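# Architecture at a glance
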Amino acid sequence: ARRHDVLIIGGGAAGQAVTGSLLKRQPDLDIAIVEPSSEHYYQPGWTLVGGGVFDRKQTVRTMRDVMPSAVKWYQAAAASFLPEQQRVVLENGEQLGYRILIVAPGLTLDWDAIPGLRDTLGRNGVTSNYRFDLAPYTWELVNSTRKGKALFTQAPMPIKCAGAPQKAMYLACDQWQRSGALKDLDVEFCTSGAALFGVAAYVPALMEYVDRYGIQLDFQHTLIAVDGDNRSARFKVVDTDGETREVDKPFDMLHVCPPQRAPRFISESPLADAAGWIELNPETMQHSRYGDIFGLGDAGNTPNAKTAAAVRKQAPVVAENVLQALKGQAPRAVYDGYGSCPLTVERGKIVLAEFGYGGKLLPSFPSWLVEGTRPSRLSWFLKEKMLPWIYWNTMFKGKEWLAEPEILNHRPAEHEVSTACDF
Ligand code: FAD
């Protein structure tokens with residue numbers, strides 16, 4: 001089997017960001033990436049596609065354009081791991097060896113977990129910003145739905161970009177308010193969760209918009225089936241007394257956030273924790289049981305918000321610790337759990353949620369510039385004009401502005417990271 005110093009599984013946000021950080025530190029490092037897709041998607045842009053702000057073409061590039069020329073790209077899917085032999089098996093049976101393995105295959109959107117859903121996506125008023133091909137249909141529906149009932153669902157945690165289901169709803173409501181249709185629409189947010197957002201500090205600003213748009217909040221409502229032809233959605237509801245029942249809700253428009261899980265080849269591998277995600281030390285991003293394996297991005301079990309913003313901070317930490325490991329030394333760089341969720345509460349304004357482990361607020365900007373818990377125009381500008389550029393031109397190029405890793409002068413102590421937060 002061919003053997004590389006660093007083998008990376010996945011060339012999405014996490015795989016590319018860690019590659020950029022590694023190459024900046026050591027340009028001649030022998031790196032290979034296993035990535036089956038011919039396209040790379042800027043998924044954070046899909047909210048703005050669904051909100052009629054971006055064209056979907058702005059959110060995709062060919063993988064060849066994104067892949068650095070200094071790395072060897074295997075266009076194939078990884079299928080299983082042989083950690084004792086330092087090897088990965090690809091779907092075509094080929095094996096690749098490594099000195100250090102970085103696992104970053106993202107997560108799986110489980111559309112088929114909801115009977116009836118897949119067949120009706122893209123028609124009968126059923127859409128989702130979680131897919132490149134469907135986000136434009138969201139905007140189409142927002143413009144064609146003038147009365148009746150609009151449902152926006154949110155699947156159980158963990159999900160990527162936990163704010164995305166709400167963002168879709170607020171941008172739709174903003175448009176309906178502008179067009180005068182909002183008064184003839186019943187808008188419901190049906191979430192599996194028991195709160196509007198996992199970090200309490202952001203809830204008051206969001207509640208102002210819930211009131212402004214007249215949104216009904218349905219907590220502990222989990223979508224379990226869709227009947228597209230009859231425009232009806234079935235929910236499992238947990239009542240305050242803990243009793244469970246099922247309710248059917250008719251809809252004119254349904255925006256779905258699908259259930260999400262670790263990819264099967266991860267959950268069925270020795271790398272997984274009990275819930276199926278890659279078992280990582282939340283500070284060093286090193287595997288809890290294999291010292292030569294690291295992980296980052298949505299497939300990891302670290303209790304941060306699953307976002308590209310988290311990846312931006314994780315990548316330099318992993319790069320530092322991988323280079324240490326190649327020298328036979330212990331990891332020293334630590335990640336604080338930073339993640340960010342720019343909540344698009346109206347066209348032109350964002351509540352910029354930025355927080356780390358345990359829900360600790362970690363604002364990037366001083367409060368006189370951006371008050372993170374309040375709607376801000378500057379944050380919208382950041383999301384629309386700056387973040388896509390930062391993604392392609394700094395995050396993937398090892399330019400770690402506002403993302404320099406914290407490096408300890410001792411090995412981090414094993415200690416509990418607070419997970420007292422919904423993410
Ligand atoms: P991905 O970027 O999904 O990449 C995974 C890669 O692994 C893919 O290229 C895939 O082809 C590859 N892969 C899969 N299986 C295999 C295999 N078997 N072998 C090899 N490779 C494989 N984040 C923010 O920071 N801010 C936002 O505002 C935001 N909004 C979002 C809105 C929506 C609608 C969505 C869907 C996401 C949003 N995100 C946002 C989240 C962000 O896109 C993800 O957290 C980020 O892309 C995670 O990076 P990743 O590399 O782990 O996964």
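Keep in mind that this is a model prediction, so the values were computed, not measured.

Within the protein, the secondary structure is distributed over ten helices and 24 strands. Computed over the C-alpha atoms, the radius of gyration of the protein is 21 Å, within 12% of the 22 Å expected from 2.2 N^0.38 for a compact globule of 423 residues. Its C-alpha atoms give the protein principal-axis dimensions of roughly 65 × 50 × 45 Å. Split into buried and exposed, the 423 residues of the protein put 49% on the buried side. Contacts in the protein between residues at least 24 apart in sequence constitute 68% of all its contacts with a sequence separation of at least 6.

Turning our attention to the sheet that holds strand β15 (residues 232-238). Strands sit in the order β14-β15-β16 across an open sheet of three strands; the sheet is antiparallel. In this open sheet, the two edge strands, each paired with only one partner strand, are β14 (221-227) and β16 (244-250). Across the sheet, the mean angle separating the axes of adjacent strands is 25° when strand polarity is ignored. Here β14 runs beside β15; their pairing, made up of six bridges, is antiparallel. Residue pairing for β15: D227 is matched across the bridge by S232.

Close contact between helix α1 (residues 13-25) and helix α9 (residues 308-326) brings their axes to 8 Å; oriented N to C, the two are set at 40°. Taken together, α1 and α9 sit at an angle that is classed as oblique. Regarding α1 and α9, the two cross each other, and that crossing is right-handed. Mapping the contact onto sequence places A13, A14, A17, V18, S21, L22 and R25 in α1 and A308, V311, R312, A315, P316, V318, A319, V322 and L323 in α9. Taken together, the residues that form the contact of α1 with α9 break down as 13 nonpolar, one polar and two charged.

Taken in spatial order, the five strands make up an open sheet running β10-β17-β11-β12-β13, and their pairing is parallel. The strands lining the two open edges of the sheet, one partner per strand, are β10 (126-127) and β13 (216-218). Pairing of strand β12 (residues 185-191) with β13 involves three bridges; the strand directions are parallel. Across the sheet, the residue bridging to F189 is L217, located in β13.

A few words now on the domain arrangement of the protein. What the domain assignment reports for the protein is domain 1 (2-107 + 262-407) and domain 2 (110-260). Averaged C-alpha coordinates put domain 1 and domain 2 at centres separated by 28 Å. Mapped by element, the contributors of at least two residues to the side of domain 1 that touches domain 2 are α2 (46-50), β21 (339-346) and β22 (349-355). At five residues, β21 tops the list of elements feeding residues into the side of domain 1 that touches domain 2. Of the residues contributing to the side of domain 1 that touches domain 2, the split by class is 14 nonpolar, nine polar and six charged.

As a further point, take unusual backbone geometry. With an omega dihedral of 0°, the bond running from M157 to P158 counts as a cis peptide bond. In this fold, P158 is placed in the loop between β11 (148-154) and α6 (164-179). In this structure, Q86 takes a positive phi of about 55° despite not being glycine. Along the chain, Q86 turns up in the loop between β6 (78-82) and β7 (87-90). Using a count of 19 C-beta atoms within 10 Å as the deciding quantity, one classes Q86 as partly exposed. A positive phi angle is found at C161, which is not glycine, with a value near 45°.

What follows concerns the site of the ligand. Within the structure, the ligand sits among 37 residues, and G10, G12, Q43, G106 and G297 are positioned closest to it. Secondary structure elements with two or more residues in the shell around the ligand: α1, α2, α9 and β21. Looking at the shell around the ligand, its residues break down into 21 nonpolar, twelve polar and four charged. Here the shell around the ligand spans two domains, and each of domain 1 (2-107 + 262-407) and domain 2 (110-260) adds at least three residues to it.

What follows is about α6. Along its 16 residues, α6 runs 23 Å from first to last C-alpha, staying within 8% of the 22 Å computed at 1.5 Å per residue. The buried fraction of α6 is high, at twelve of 16 residues. For α6, every residue scored as buried is listed here: A164, P165, Q166, K167, A168, M169, Y170, L171, A172, C173, D174 and W176. Just downstream of α6, G180 is the residue with a positive phi angle, here 85°.

Parameters at a glance
Residues numbered from 1 in each chain as written. Predicted model: local features only at pLDDT ≥ 70, side-chain atom pairs only at ≥ 80, totals over all residues. Helix = DSSP H or I, 4+ residues; strand = E, 2+ residues; numbered from the N terminus. Rg over C-alpha atoms; globule rule 2.2 N^0.38 Å. Buried ≥ 20, exposed ≤ 12 C-beta atoms within 10 Å, placed from the backbone. Contact = placed C-beta atoms within 7 Å. Pairing = 2+ DSSP bridges. Axes fitted to C-alpha atoms, helices over the stretch in contact; angles between N-to-C directions. Parallel < 35°, antiparallel > 145°, perpendicular 65-115°, else oblique. Left-handed = near helix turned anticlockwise from the far one by under 90°. Nonpolar A, V, L, I, M, F, W, Y, C, P; charged D, E, K, R; others polar. Domains from an automatic or database assignment. Near = placed C-beta within 6 Å. Expected span 1.5 Å × (residues − 1).

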